[in-house]
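Geometric and topological summary
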Amino acid sequence: MGRILALVAAVALLIAVALLWLAPATLVGPRLDRATAGAVTLVNTEGTVWNARGSLVAGGISVPLAWSIDPWPLAKGEMRIRVTPYGGAAIGAPRAEVTLRDGHAAFRELDLVLPAAWIAGAGGARLGWRPAGEVAVTIAALDWSPPSSRGEARIVWRSARIAPADGSSPLELGTVSATLSAGGDRLAGPISNQGGDVAIGGEFSARAGQDARITLTLTPRRADDTALARALAGIGTPDGAGWRVTWGVPWR
């Protein structure tokens, strides 16, 4: 009887493993939708949860990608994900190797370009303006593992623009750049721009367990642009020839 029970248990385990291995990628979509409160959805999925492709939709914009998960590290509580492009995309298509373990994350060879409107939609932003342009993110290696984080991320927002929802003239920001360095329990770095209607100087700063903060000083490039000065005065506090604005960014 013991051998029969052992055989039944072994067969049941094999069936469970087979079902898990063949689990369709469509199972991911509803979980992602719940996790992001509907801000990001996964559509047109094909394959299994281990090796699949689909499109991430945020802000009404679709970004195609493929992913694969190495099942063996899961035995020690680690998830390794490789993201690659598909659908004929080449330049700017998402690529990354991501390892997740116990609240820590490691990024390797990350290279992606996303519409600014997609990022705003993914963040669930409810703002009185619409961002435009594209944001390129590159990471050779970054480990977010407080208190021993290390690495660097480079972010470039090209053709940056924000347009008021009321249809009034957009604010041109030129090319906005940030280089963020991870160290200990902190991710931080300067933000600046080239071109545009305003000069930007400031910083992004985040610590483990705290919301992040973006602090910028916006200075009109034309001293006689009174309309822009009035608009900036409405959202910031005076700081020399410009205005300082601060935003909190969910991080915890």
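Residues numbered from 1 in each chain as written. Predicted model: local features only at pLDDT ≥ 70, side-chain atom pairs only at ≥ 80, totals over all residues. Heavy atoms only, no water.

Topic: the overall build of the protein chain
On a plain count of helices and strands, the protein chain comes out with four helices and 14 strands. Looking at the protein chain as a whole, 33% of its 252 residues qualify as buried. Long-range pairs, those at least 24 residues apart, make up 38% of the contacts in the protein chain between residues at least 6 apart in sequence. Carbon and sulfur atoms provide 60% of the accessible area of the protein chain, an area that totals close to 14,700 Å². (Helix = DSSP H or I, 4+ residues; strand = E, 2+ residues; numbered from the N terminus. Buried < 20%, exposed > 50% of the residue type's maximum accessible area, 1.4 Å probe, protein only. Contact = heavy atoms within 4.5 Å. Areas by Shrake-Rupley, 256 points an atom, 1.4 Å probe, with all protein chains shown as cover.)

A look at unusual backbone geometry
With omega at 10 degrees, the peptide bond leading from P146 into P147 counts as cis. Structurally, P147 is set in the loop between strand 7 (129–144) and strand 8 (149–164). Here E109, not a glycine, exhibits a phi torsion of approximately 50 degrees, which is positive. The topology assignment puts E109 in strand 6 (residues 104–115).

With respect to the nonpolar core
Counting residues in hydrophobic clusters, the biggest one holds 49 residues, and the most contacted among them are W157, L173 and I200. The element best represented in this core is strand 9 (residues 171–184), accounting for six residues. For L173, the contacting residues outside a window of four places in its chain are W157, A160, I162, N193, Q194, G195, G196, V198 and I200. (Core = buried A, V, L, I, M, F, W, Y, C linked by side-chain atoms within 4.5 Å.)

So, the pairing of strand 7
Bridge count between strand 6 and strand 7: ten bridges; the pairing is antiparallel. Looking across to strand 7, one finds that L110 is bridged to I139. For strand 7 and strand 8, the ladder comprises eleven bridges, and the chain directions are antiparallel. Its bridge partner being in strand 8, A132 is matched across the sheet by R161. (Pairing = 2+ DSSP bridges.)

Remarks on the pairing of strand 14 (residues 242–249)
Two elements, strand 12 (residues 212–220) and strand 14, share seven bridges in a ladder whose sense is antiparallel. Pairing of A212 across the sheet is with V249, part of strand 14. As paired strands, strand 13 (residues 237–239) and strand 14 are joined by three bridges and run antiparallel to one another. Paired with P238 across the two strands is W243, which belongs to strand 14.

Examining the environment of E172
Looking at the secondary structure, you find E172 in strand 9. The spatial distance from the C-alpha of E172 to the C-alpha of A160 is 6.3 Å, given a sequence separation of twelve residues. Side-chain polar atoms of E172 contact the side chain of R161, separated by 2.9 Å. (Polar contact = N/O pair within 3.5 Å; in protein donor to acceptor, adjacent residues only side chain to side chain.)

Focus: the side chain of S177
Looking at the element boundaries, S177 is found in strand 9. Under the relative-accessibility criterion, S177 is labelled buried at 14%. Discounting chain neighbours no more than four positions away, the residues touching S177 are R154, I155, V156, P190, I191 and S192.

A word on the environment of P115
Of note, P115 is situated in strand 6. Each C-alpha atom of the pair P115 and A132 lies 7.1 Å from the other, and the pair is 17 residues apart in sequence. If sequence neighbours within four positions are ignored, P115 has contacts with I61, G133 and E134.

A few points about the pattern of salt bridges
Tallying each qualifying case throughout the model produces twelve salt bridges. Linking R80 and E78 is a salt bridge whose minimum nitrogen-to-oxygen distance equals 2.6 Å. Classification of E78 as buried rests on a relative accessible area of 12%. The partner of R222 in a salt bridge is D224, with the nearest N and O atoms 3.1 Å apart. Where salt bridges share partners, they join R108, D143 and R150 into one cluster. (Salt bridge = Lys/Arg side-chain N within 4 Å of Asp/Glu carboxyl O.)

Interpretation note: all reported values are geometric properties and have no functional meaning in isolation.
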